[in-house]
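Next come the chains, spelled out residue by residue.
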Amino acid sequence: MKKRSKKYTEAFSKIDKHKVYTKEEAIKLVKETSISKFDSSIEIAMRLNLDTKKADQQLRGAIVLPKGTGKNVRVLVIAKGENAKKAQKAGADFVGDVDMIEKIEKEGWFEFDTMIATPDMMPLLGKIGRVLGPRGLMPNPKTGTVTMDVEKAVNEVKAGRVEYRTDSYGNIHGIIGKASFKEEDLIENLNAFVKAILKVKPSTVKGDYVKNISISSTMGPGIKVELNFDK
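Residues numbered from 1 in each chain as written. Predicted model: local features only at pLDDT ≥ 70, side-chain atom pairs only at ≥ 80, totals over all residues. Heavy atoms only, no water.

A. Local environment of the sheet that holds strand S9 (residues 223-225). Judged by pairing direction, the sheet is antiparallel, and its four strands sit side by side in the order S7-S1-S8-S9 without closing on themselves. Edge positions in the sheet fall to strand S7 (171-178) and S9, since each has one partner strand and no second. When strand polarity is set aside, the average angle formed by the axes of neighbouring strands in this sheet is 25°. Here strand S1 (residues 41-48) pairs with S7 via seven bridges, running antiparallel. Bridged to Ile-44 within S7 is Gly-174. Its contacts with the sheet place helix H8 (residues 183-199) against S1, S7 and strand S8 (210-217), and it is angled at close to 155° to S7. (Pairing = 2+ DSSP bridges. Helix = DSSP H or I, 4+ residues; strand = E, 2+ residues; numbered from the N terminus. Axes fitted to C-alpha atoms, helices over the stretch in contact; angles between N-to-C directions. Contact = heavy atoms within 4.5 Å.)

Written out as structure tokens, the structure is:
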């Protein structure tokens, strides 16, 4: 059995594992049970009633959190000409085309967190998909990272966009902010995340869509949250 740290044990003792908390109670608790020395991320886990063997029940997309993520996201845009200029103007950290692709392929350069690309660049990016894919860096139309509107995409990423996708068990994991956030800001982000997932409920799902929701800080214990989110 894994031995837990004293801090974790103390944090866990504050939580009733049999109780499902209101959003307000859960957010207050998740801040109190943040045990890391750094500013923890506040994470959400949603267990959904999905059969991921069915293509239409494999959810993937992105959400722009109203209060941001608290992270400074480094953005690389793969584009040419006018789109490259728009990306630079929007505040992309790195902009290029073949030169940046070669830098990744030949130098193993990954000093960025998100890649955005125009559709015409995707055939070239396909050549390095084997190194981008495992790192979750391959642009995808479903998450808005393959687009002609690079300016909008850069602005959304910088504003606090988070990507999500179902795992093989139908669970979705994401980040809704930092432990240093105000409680009301975390609640607003929590509401936005859950409501976005409710909106993409596949029409083929039978019965309850959301089985449970929990939140936790990095390295902290999970806290169950009530499911009464307005649709």
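B. Examining helix H3 (residues 81-90) more closely. Within H3, burial applies to Asn-83, Ala-84, Ala-87 and Ala-90. Taken around the axis of H3, the buried residues stretch over an arc of 125°, which confines them to a single face. In H3, those exposed residues whose orientation departs by more than 90 degrees from the buried face are Glu-82, Lys-85, Gln-88 and Lys-89. Buried-residue contacts for H3 involve strand S3 (75-78), strand S4 (94-96) and helix H7 (150-160). (Buried < 20%, exposed > 50% of the residue type's maximum accessible area, 1.4 Å probe, protein only. Arc of directions from axis to C-beta.)

C. Local environment of the environment of Gly-136. Tracing the sequence through the fold places Gly-136 in the loop between helix H6 (129-132) and H7. Sequence separation of Gly-136 and Met-115 is 21 residues, and the distance between their C-alpha atoms is 9.6 Å.

D. Quick peek at the pairing of S1. As judged from the seven bridges shared by S1 and S8, these two strands associate in the antiparallel manner. Opposite Ala-45, over in S8, you have Ser-214 as the bridge partner.

E. Here's a closer look at the pattern of salt bridges. A full pass over the atoms with the stated rule returns eight salt bridges. Note that Lys-158 is salt-bridged to Asp-93, the shortest N-O span being 2.6 Å. Of this pair, Lys-158 sits in helix H7 while Asp-93 sits in the loop between H3 and S4, placing them 65 residues apart in sequence. Overall, Lys-158 belongs to the partly exposed group, its relative accessible area being 33%. The salt bridge involving Glu-163 is made with Arg-161; its shortest N-O contact spans 3.4 Å. For Glu-163, a relative accessible area of 32% translates into the label partly exposed. (Salt bridge = Lys/Arg side-chain N within 4 Å of Asp/Glu carboxyl O.)

F. View of the side chain of Ser-41. Examined against the element boundaries, Ser-41 turns out to sit in strand S1. Side chain to side chain, Ser-41 and Lys-178 meet in a polar contact 3.5 Å long. Each residue touching Ser-41, except ones within four places of it in the same chain, is listed here: Ile-175, Gly-177, Lys-178, Ser-216, Ser-217 and Thr-218. (Polar contact = N/O pair within 3.5 Å; in protein donor to acceptor, adjacent residues only side chain to side chain.)

G. Region of interest: helix H2 (residues 23-32). Listed as buried for H2 are Lys-23, Ala-26, Ile-27, Leu-29 and Val-30. Seen from one end, H2 has its buried residues packed into an arc of 165°, which puts them on one side.

H. Structural context of the packing of aromatic side chains. In total, this model carries three aromatic pairs according to the counting rule given. Residues Phe-110 and Phe-112 carry aromatic rings whose centres are separated by 6.2 Å and whose planes lie at 35° to one another, so their mutual orientation is tilted. An aromatic cluster is defined as three or more aromatic residues linked by ring pairs; in this entry it consists of Phe-94, Trp-109, Phe-110 and Phe-112. Note that Arg-135 overlies the ring of Phe-110, its terminal NZ or CZ placed 4.0 Å from the centroid. (Phe/Tyr/Trp six-rings, centres within 6.5 Å; stacked < 30°, edge-to-face > 60°. Lys NZ or Arg CZ within 6 Å of the ring centre and 35° of its normal.)

I. Structural view of the environment of Val-77. Secondary-structure assignment places Val-77 in strand S3. We classify Val-77 as buried; its relative accessible area is 0%. Along the chain, Val-77 and Ala-92 lie 15 residues apart, while their C-alpha atoms are 6.7 Å from each other. Residues in contact with Val-77, not counting those within four places in the same chain, are Ala-87, Ala-92, Phe-94, Val-95, Gly-96, Ile-116, Val-150 and Val-154.

J. Fine view of unusual backbone geometry. Backbone geometry at Met-219 places phi at a positive 70°, although glycine is not the residue there. Its place among the elements puts Met-219 in the loop between S8 and S9. Taking relative accessible area as the criterion, Met-219 reaches 53% and is therefore assigned exposed.

It is worth stressing that arrangement in space is one thing and function is another; only the former is reported here.
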